[in-house]
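What follows is the residue order along each chain.
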Amino acid sequence: AIHYGWIFQPLFGHQEWVHALHRRFCYIPIVIGAAWFGLRGGLATASAITLFIIPYIYLSEHAADPFTEYTEIVFYYALALLAGGLVDRELKIRRQHEQTRLELERSKRLSLVGQLAAGVAHEIKNPLASIKGAANILADPTTSAADKQDFSQIVQTEIKRIDATVGEFLTFARPPKTVLTKMNW
């Protein structure tokens, strides 16, 4: 409406400064379109503005020389490319940072799981060695009944120790139960 003189022309008559000011105001929606929607948004906004300006160039008796108007259109697209390209580049960098952060977190979790698995393996290996030694002694026919009783007790104790270790590991590995509580706001 400003470009075609529907707003200010009835008030001031045709003034070149109004048209020149309007040309510069056309940059604002291009930058906003680029900021919101990236390169596509900037180019779409520049195209929409161009479609509204082209009839003015050919139909208005007050239009500046077409070369000036076309130069302005070139600047609309240049601004759209620049602003939209920068926004798209920033979004791409943010996505890469987020992906890198997620990969780093996953890597840390896998490292912790590996350390935990090594600790559990160590805690199970020691009782298994005791059970193995006791089983060998129990299998020996020359072992006395009293010794068999003692080594049988060792086997049972070490089995309980393994069971406790596995139980603690499972308790740690299970997610905690969700408890819902009512809150007053």
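Residues numbered from 1 in each chain as written. Predicted model: local features only at pLDDT ≥ 70, side-chain atom pairs only at ≥ 80, totals over all residues. Heavy atoms only, no water.

Description of the overall build of the protein
Turning to step 1, where the next piece is worked out: Per the secondary structure count, the protein includes 5 helices and 0 strands.
Turning to step 2, where the next piece is worked out: N-terminal to C-terminal, the α/β element order of the protein is α-α-α-α-α.
Turning to step 3, where the next piece is worked out: Put simply, the protein has 185 residues, and 20% of those count as buried.
Turning to step 4, where the next piece is worked out: For the protein, restricting intrachain contacts to residue pairs at least 6 apart in sequence, the fraction spanning at least 24 positions comes to 61%.
Turning to step 5, where the next piece is worked out: Of the roughly 13900 Å² of accessible surface on the protein, 66% is carried by carbon and sulfur atoms. (Helix = DSSP H or I, 4+ residues; strand = E, 2+ residues; numbered from the N terminus. Buried < 20%, exposed > 50% of the residue type's maximum accessible area, 1.4 Å probe, protein only. Contact = heavy atoms within 4.5 Å. Areas by Shrake-Rupley, 256 points an atom, 1.4 Å probe, with all protein chains shown as cover.)

Regarding the nonpolar core
Turning to step 1, where the next piece is worked out: By size, the foremost hydrophobic cluster in this structure holds 9 residues: Cys26, Ile30, Ala46, Ile49, Ile53, Ile57, Ile73, Tyr76 and Ala80.
Turning to step 2, where the next piece is worked out: With 5 residues, helix α3 (residues 27-59) is the largest single contributor of residues to this core.
Turning to step 3, where the next piece is worked out: For Tyr76, the contacting residues outside a window of four places in its chain are Arg23, Cys26, Tyr27, Ile30, Ala46, Ile49, Thr50 and Ile53. (Core = buried A, V, L, I, M, F, W, Y, C linked by side-chain atoms within 4.5 Å.)

Re the packing of α3 against helix α4 (residues 66-139)
For any two helices packed against each other, one specifies the crossing angle of their axes together with the interaxial distance.
Turning to step 1, where the next piece is worked out: The geometry of α3 relative to α4 is characterised by a closest axis approach of 9 Å and an angle of 170 degrees between their N-to-C directions. Relative to α4, α3 is oriented roughly antiparallel. Pair α3 / α4 crosses with left-handed handedness.
Turning to step 2, where the next piece is worked out: A class-by-class count of the residues in the contact of α3 with α4 yields 25 nonpolar, 6 polar and 3 charged. (Axes fitted to C-alpha atoms, helices over the stretch in contact; angles between N-to-C directions. Parallel < 35°, antiparallel > 145°, perpendicular 65-115°, else oblique. Left-handed = near helix turned anticlockwise from the far one by under 90°. Nonpolar A, V, L, I, M, F, W, Y, C, P; charged D, E, K, R; others polar.)

Looking at the packing of aromatic side chains
Turning to step 1, where the next piece is worked out: According to the stated counting rule, one finds 2 aromatic pairs in the structure shown.
Turning to step 2, where the next piece is worked out: Between Tyr27 and Tyr76 the ring centres are 5.5 Å apart and the planes differ by 80 degrees, which places this aromatic pair in the edge-to-face class. Taken as a pair, Tyr27 in helix α3 and Tyr76 in helix α4 lie far apart in primary sequence, 49 residues in all.
Turning to step 3, where the next piece is worked out: Ring geometry for Trp36 and Phe37: centres 6.2 Å apart, planes at 90 degrees, overall edge-to-face. (Phe/Tyr/Trp six-rings, centres within 6.5 Å; stacked < 30°, edge-to-face > 60°.)

Considerations on the environment of Phe67
Turning to step 1, where the next piece is worked out: One can find Phe67 in helix α4.
Turning to step 2, where the next piece is worked out: With relative accessibility at 63%, the residue Phe67 sits in the exposed group.
Turning to step 3, where the next piece is worked out: Along the primary structure Phe67 and Ile57 are separated by 10 residues, whereas in three dimensions their C-alpha atoms are 9.7 Å apart.

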